[in-house]
Amino acid sequence: PGLAAGMPAALALLVLLAADAAVPEKNPLLSVCMDAKHHKGEPGPEGKLHQQCSPWKDNACCTANTSLEAHKDQSNLYNFNWNHCGVMPPKCKRHFIQDTCLYECSPNLGPWIDQVDSSWRRERILHVPLCKEDCEEWWKDCKDALTCKENWHKGWNWSTGTNRCPWGSMCRPFSEVFPRPKDLCEKIWSNSYRYSPERRGSGRCIQMWFDPAQGNPNVVVAKYYAWKKRSSPAQVDNVAPERDQAVRALPRSVLVLLPLALVLFPEVAGGCGVPWM
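All values reported here derive from a predicted model rather than from experimental measurement. (Residues numbered from 1 in each chain as written. Predicted model: local features only at pLDDT ≥ 70, side-chain atom pairs only at ≥ 80, totals over all residues. Heavy atoms only, no water.)

1. Examining the packing of helix α3 (residues 90–105) against helix α4 (residues 132–142)
- Where α3 contacts α4, the axes come no closer than 7 Å and their chain directions differ by 140°. Between α3 and α4, the angle falls in the class oblique. Handedness of the crossing formed by α3 with α4: left-handed. Contacts between α3 and α4 involve K91, C92, R94, H95, F96 and D99 on the former and, on the latter, E137, W138, D141 and C142.
- For the contact of α3 with α4, the class distribution of residues is 4 nonpolar, 1 polar and 5 charged. (Axes fitted to C-alpha atoms, helices over the stretch in contact; angles between N-to-C directions. Helix = DSSP H or I, 4+ residues; strand = E, 2+ residues; numbered from the N terminus. Parallel < 35°, antiparallel > 145°, perpendicular 65-115°, else oblique. Left-handed = near helix turned anticlockwise from the far one by under 90°. Contact = heavy atoms within 4.5 Å. Nonpolar A, V, L, I, M, F, W, Y, C, P; charged D, E, K, R; others polar.)

Laid out in structure tokens, this is it:
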């Protein structure tokens, strides 16, 4: 009689637990904007993004005005001048524009957002795995352009209000300052990027260049690295992301109360086949 009396309560408990588990848990690393100078508080549609920033128009961390400024030689975004060693060739400049669009507009960089103590931003990106082709094409199109610095984040002469080469530095071809594509991608922005051996379409590297008609490939990449960041090294090799996420999606209340419910209502245990019990 005691068991029979407890069965309705146990059933009700299981229903509540199932409803609780069905509510998806928002991953704080996915579809987010970093806390930086020109970024929006959260991503959303921006129908009028300018030219090379337009691939992000469906879900962007940048505004239309920011995307417009990203295309200017002397941008108001950071007063940064691409032409510090003469006019940068257009085939090279387009990669820096695309790099700026990715940084300002992408909502898929959450797994690599890092805290910084800076007057103009509280967060930056660090070690974003940039696809092999993106790094190599960037280097190939810029190898004959000129620059005087390896790290463009710091060390400039800002006495005129815009970046100029520091005293005593010489303008040299990119191929001398950055002997390999890896050097360009990793050094120019203080390790914001990491040269990845993975290729476009692999789901394991971030693309600066993509066709929005085919969807944004970086959504899947961010999901993979967000899962990887929350998993132990052993799980990364042995557990599929989908199954691991399904287990982790169970709220704490399920994990704590489910054994009690199964004791009160053992018939459920016989019919559920709970894989991890």
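2. Re the side chain of N157
- Within the secondary structure, N157 sits in the loop between β4 (146–147) and β5 (172–173).
- Apart from the residues lying within four places of it in its own chain, the contact partners of N157 are T162, N163, R164, C165, P166 and W167.

3. Side note on the packing of aromatic side chains
- Here the structure, examined in full by the defined rule, presents 18 aromatic pairs.
- Note on F80 and W156: the rings are 5.6 Å apart at their centroids and 85° apart in plane angle, and the pair reads as edge-to-face. Within this pair, whereas F80 is found in the loop between α2 (64–69) and α3, its partner W156 is found in the loop between β4 and β5, the two being separated by 76 residues in sequence.
- Between F96 and F174, the ring centres sit 6.2 Å apart and the planes meet at 75°, which makes this aromatic pair edge-to-face. Within this pair, whereas F96 is found in helix α3, its partner F174 is found in helix α5 (residues 174–177), the two being separated by 78 residues in sequence.
- For F96, a relative accessible area of 0% translates into the label buried.
- Given a relative accessible area of 1%, F174 falls into the buried group.
- An aromatic cluster is built from F80, W82, F96, W138, W152, W156, F174, F178, W189 and Y193, whose rings are joined through pairwise contacts.
- Above the face of the W209 ring, R94 is positioned so that its terminal group lies 4.8 Å from the ring centre. (Phe/Tyr/Trp six-rings, centres within 6.5 Å; stacked < 30°, edge-to-face > 60°. Buried < 20%, exposed > 50% of the residue type's maximum accessible area, 1.4 Å probe, protein only. Lys NZ or Arg CZ within 6 Å of the ring centre and 35° of its normal.)

4. Structural notes on unusual backbone geometry
- Even without glycine at this site, H127 takes up a positive phi of about 65°.
- Tracing the backbone through its elements, the reader meets H127 in the loop between β2 (123–125) and β3 (128–130).
- Positioned with a positive phi, N191 is a non-glycine residue whose angle comes to about 65°.
- Tracing the backbone through its elements, the reader meets N191 in the loop between α6 (181–187) and β6 (193–195).

5. Some thoughts on the state of the cysteines
- Enumeration over the complete set of coordinates arrives at 8 disulfides.
- What pairs with C33 in a disulfide is C61, and their sulfur atoms sit 2.1 Å apart. The sign of the S-S torsion, about -90°, decides the handedness of the disulfide formed by C33 and C61: left-handed. Separated by 28 residues along the polypeptide, C33 in the loop between α1 (2–22) and α2 and C61 in the loop between α1 and α2 bring together distant segments of the chain. We note that C33, like C61, is buried. (Disulfide = S-S within 2.5 Å.)

6. Some words on α3
- The first and last C-alpha atoms of α3 sit 22 Å apart over 16 residues, in line with the 22 Å expected at 1.5 Å per residue.
- Summarising burial for α3: 13 of the 16 residues are buried, a large majority. (Expected span 1.5 Å × (residues − 1).)

7. What about the confidence of the model for the protein chain?
- On average, residues of the protein chain score 77 in pLDDT, and 71% of them are at 70 or above.
- In this model residues 233–258 is a low-confidence stretch, pLDDT under 50, and it forms 36 contacts with partners more than four residues away in sequence or in other chains.
- Here residues 267–277 is a poorly scored stretch, pLDDT under 50, and it has 8 contacts once near neighbours within four places are set aside; other chains count. (pLDDT = per-residue confidence, 0-100.)

8. So, α4
- The buried fraction of α4 is high, at 8 of 11 residues.
- Listing the buried residues of α4 in full gives K132, E133, D134, C135, W138, W139, D141 and C142.
- Against the buried residues of α4 lie α3, β3, α5, α6 and β6.

9. Considering the nonpolar core
- Counting residues in hydrophobic clusters, the biggest one holds 51 residues, and the most contacted among them are F96, L130, W138, W152, F174 and Y193.
- If we ignore the near neighbours within four places in the chain, the residues touching L130 are L102, C135, W138, C185, Y193, R194, Y195, S196, C205, I206 and M208. (Core = buried A, V, L, I, M, F, W, Y, C linked by side-chain atoms within 4.5 Å.)

10. Here's the deal with the side chain of N151
- Along the chain, N151 falls in the loop between β4 and β5.
- In this structure N151 comes out as buried when scored by relative accessible area, which is 16%.
- Separated by 2.8 Å, the side chain of N151 and the backbone nitrogen of H153 make a polar contact.
- Apart from the residues lying within four places of it in its own chain, the contact partners of N151 are K187, I188 and S190. (Polar contact = N/O pair within 3.5 Å; in protein donor to acceptor, adjacent residues only side chain to side chain.)

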